[in-house]
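Given next are the chains, with one letter for each unit.
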Amino acid sequence: MKINSTAYGQGDSTYQAVGGDDGVKKLVNAFYDIMETMPRAKEIRAMHAADLTETHDKLYRFLSGWMGGPRLYKEKYGSINIPEAHQHLSIGVEERDAWMCCMRNALKKQPYPEDLKEYLLDQLSLPAEACRTK
Ligand code: HEM
């Protein structure tokens with residue numbers, strides 16, 4: 001049965017639809033693999049530390065809670081406000097779009113239904129826009 005996209009976002013339905021903990025991990029792995037290699041992402045990759053281990057752990061934990069699953073970020077790092085966490089960075093339209101492009105390509109590699117990929121891109125565009133500092 002096709003899941004109606006309006007059902008995503010209710011409770012932990014998004015988290016379950018991506019495949020739970022393992023699914024979030026796979027998405028974040030793909031996201032940073034793309035950021036490492038895509039020429040368009042060179043500038044945003046350079047904003048991050050050389051070693052992505054902690055950023056990786058943070059995005060994975062954040063997305064787990066954001067998708068309605070366990071609030072793993074809070075458990076380990078405490079509360080977070082996404083726009084505030086990016087305030088020290090120079091993020092404009094190009095950087096925002098490069099980040100979204102990494103996410104779009106990472107989603108393409110996941111076995112999710114198309115409407116879930118669209119839903120996630122749509123929902124992530126809100127915090128991505130809110131991270132802009134210029
Ligand atoms: C709009 C484009 C974005 C860019 C260029 C960007 C870039 C970065 C960079 C460079 C860091 C590391 C900061 C540091 O080490 O000082 C970071 C941290 C982080 N980003 Fe983003 N980001 C973007 C959007 C997003 C979005 C949309 C989300 C969530 C949906 C997100 C989630 C996070 C999280 C959870 C951290 C860890 C923050 C912390 O614990 O301090 N980012 N981001």
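K.L.:
Explanation requested: the coordination of the iron atom of the ligand in the structure shown.
P.N.:
Between any two of four tetrahedral donors, the ideal angle at the metal is 109.5 degrees; between two of six octahedral donors, it is 90 or 180 degrees. Here the protein supplies the iron atom of the ligand with just one donor, His-86 (NE2), and that contact is 2.0 Å long. One can find His-86 in the loop between α6 (82-85) and α7 (93-108).

K.L.:
Teacher, can you tell me more about α7 here?
P.N.:
An α-helical segment advances 3.6 residues per turn. Residues three or four places apart therefore align on the same side. An ideal rise of 1.5 Å per residue puts 22 Å on 16 residues; α7 measures up with 22 Å between its terminal C-alpha atoms. Buried residues in α7 make contact with α2 (20-37), α3 (42-47), α4 (53-66) and α8 (114-130).

K.L.:
Would you mind showing me how to read the site of the ligand here?
P.N.:
By nearness alone, 19 residues border the ligand, and Lys-58, Tyr-73, His-86, His-88 and Trp-99 come closest of all. At 3.1 Å, a side-chain N or O of Lys-58 approaches an oxygen atom of the ligand. At a separation of 2.8 Å, a nitrogen atom of the ligand approaches a polar side-chain atom of His-86. Mapped by element, the contributors of at least two residues to the shell around the ligand are α3, α4, α7 and α8. Considered class by class, the residues forming the shell around the ligand number 14 nonpolar, three polar and two charged.

The rules behind these values
Residues numbered from 1 in each chain as written. Predicted model: local features only at pLDDT ≥ 70, side-chain atom pairs only at ≥ 80, totals over all residues. Heavy atoms only, no water. Donors = N, O, S within 2.8 Å, 3.2 Å for Na, K, Ca; no water. Helix = DSSP H or I, 4+ residues; strand = E, 2+ residues; numbered from the N terminus. Expected span 1.5 Å × (residues − 1). Contact = heavy atoms within 4.5 Å. Near = heavy atom within 4 Å. Polar contact = N/O pair within 3.5 Å; in protein donor to acceptor, adjacent residues only side chain to side chain. Nonpolar A, V, L, I, M, F, W, Y, C, P; charged D, E, K, R; others polar.

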